[in-house]
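# A look at the structure
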Amino acid sequence: MASANIAFDRTVILASADASLRQRLRDSLSDLRWNVREARGGAEAIAQLEGRRTEALLLDHWLPDLEVMELAEQIGALYPDMELLRIDGDPIHGGTRSPRRHELLHAMREALGSSRREGSASETKSSTSDSLAIVRGRVSSETYTDEPSTTKLENFEPARRFSANAGASPAIKELVGGSDVMLELARTIRLVAPRTATVLIEGETGTGKEVVAQALHRLSSRSAKPFVVLNCAAIPEALLEAELFGHTRGAFTGAVQSRTGRIEAAHGGTLFLDEIGEMPIGLQAKMLRFLENGEIQRVGDNETVRVDVRVIAATHQALEARANSGDFRLDLYHRLAVFPIDIPPLRERLDDIAALSEHFLALMGRTSPRKTLSDEALDKLYGHDWPGNVRELAHILERAAILAEDSPSIRAEDIRLRRASRT
């Protein structure tokens, strides 16, 4: 957290998805001798702030990844000595002022004035005006409910889903459903995604652990870099080390050429290790070493290679209990579970079944006639306990759509449910 005695260094971050607006602001601020850094979204802005002294952050009225009001509240709490300005709306006074606020205001007015003179302001920023909103700490919701801003946000549907509950946080596009547990999951993902912390995703089979991992990657500053997936249960134990760390030519029988491992392939990006609980105990020590020092050693090679990778792991097992019993390395567990995320099973969010069903039927409607669910069929889905979770729902709906034949509606008799033990 920033100190009250921070020495301002004329550094400002511009957070906007509009590249032309960022360029105009950069030109204006550079002329005033500001050190300018740019962020295309909220996650990049948070990453830019970490470990660096910043005098001010300029936020656009819409960001592609994070909700502006919640982002402003979070940053205002973490960096109370930093000036936080929004580019449109009515001013809200209070909080720490930059001693050079007048320069920031002048640069923004100049950039917006340039936009209007070019005749593009009405097309790209319908809510832009001469007034500049100043946001500090807890942000009043009235600041963001002016008519132009609301209209602008609606233009980005349906990629963003919003809860019908007043004051609820918008969901993440990878997640379907507006139940309380899903809104909390979305909030957790938005908070940890911009960080570098290792994440352990825990949840039953079929709950969507890889979907959460993809959302964490997309909302991070690494989103433009590779997202590499490795299922530890799908690779034979004898080959898993070479698959992860790579190998040199002749390292073992059949290694006719050198090969880059999954960890090295994810350099700069994210490595998702699914079913981490299946990793052999002998390989866990090498994985722990990589997590601690960021270096890997290819099989058959004496040299080490430094890589920059964020690791997200997932398991359906009670990994902490396995670690405490000695079936999984306890030190590796703690290194993986820096930030654990629990995904709720479908039986704990039955209110989302209608939205999930609509989502899956819409996907199937891309390649075949779109079908709907009858009320009786939906009631039948609500009465199931879903041991296979969301994956089971998707398969049941696919089977029901086939059984419905040419009917535009899926009936209750088309829903074939199986009772299975939960794993």
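Keep in mind it's a predicted model, so treat the numbers as computed, not measured. (Residues numbered from 1 in each chain as written. Predicted model: local features only at pLDDT ≥ 70, side-chain atom pairs only at ≥ 80, totals over all residues. Heavy atoms only, no water.)

## What about the pattern of salt bridges?
By the definition in use, this model includes 20 salt bridges. For Arg100, the salt bridge identified is with Glu55, shortest N-O distance 2.9 Å. Within this pair, whereas Arg100 is found in the loop between strand E4 (83–86) and helix H4 (101–117), its partner Glu55 is found in the loop between helix H2 (42–49) and strand E3 (56–59), the two being separated by 45 residues in sequence. Since its relative accessible area comes to 18%, Arg100 is described here as buried. Overall, the relative accessible area of 0% leaves Glu55 in the buried class. Two residues, Asp308 and Arg222, come together in a salt bridge whose shortest N-O distance is 2.7 Å. (Salt bridge = Lys/Arg side-chain N within 4 Å of Asp/Glu carboxyl O. Helix = DSSP H or I, 4+ residues; strand = E, 2+ residues; numbered from the N terminus. Buried < 20%, exposed > 50% of the residue type's maximum accessible area, 1.4 Å probe, protein only.)

## Let's talk about the confidence of the model for the chain
For the chain, per-residue confidence averages 79 on the pLDDT scale, and 79% of positions sit at 70 or higher. Segment residues 1–8 is flagged for pLDDT under 50; beyond a separation of four residues in sequence, or across chains, it makes 15 contacts in the model. In this model residues 119–171 is a low-confidence stretch, pLDDT under 50, and it forms 121 contacts with partners more than four residues away in sequence or in other chains. (pLDDT = per-residue confidence, 0-100. Contact = heavy atoms within 4.5 Å.)

## So, helix H15 (residues 375–382)
Regarding H15, the residues found buried are Ala377, Leu378 and Leu381. For H15, the angular spread of the buried residues around the axis is 100°, confining them to a single face. For H15, the exposed residues lying more than 90 degrees away from the buried face are Asp375, Glu376 and Asp379. On its buried side, H15 packs onto helix H14 (353–364), strand E13 (372–373), helix H16 (389–403) and strand E14 (409–410). (Arc of directions from axis to C-beta.)

## A look at unusual backbone geometry
For Glu275, which is not glycine, the phi torsion reads 50° and is therefore positive. If you trace the backbone, Glu275 turns up in the loop between strand E8 (270–274) and helix H11 (281–293). Phi is positive for Asn389, which is not a glycine, with a value near 60°. Tracing the backbone shows Asn389 in helix H16. With relative accessibility at 0%, the residue Asn389 sits in the buried group.

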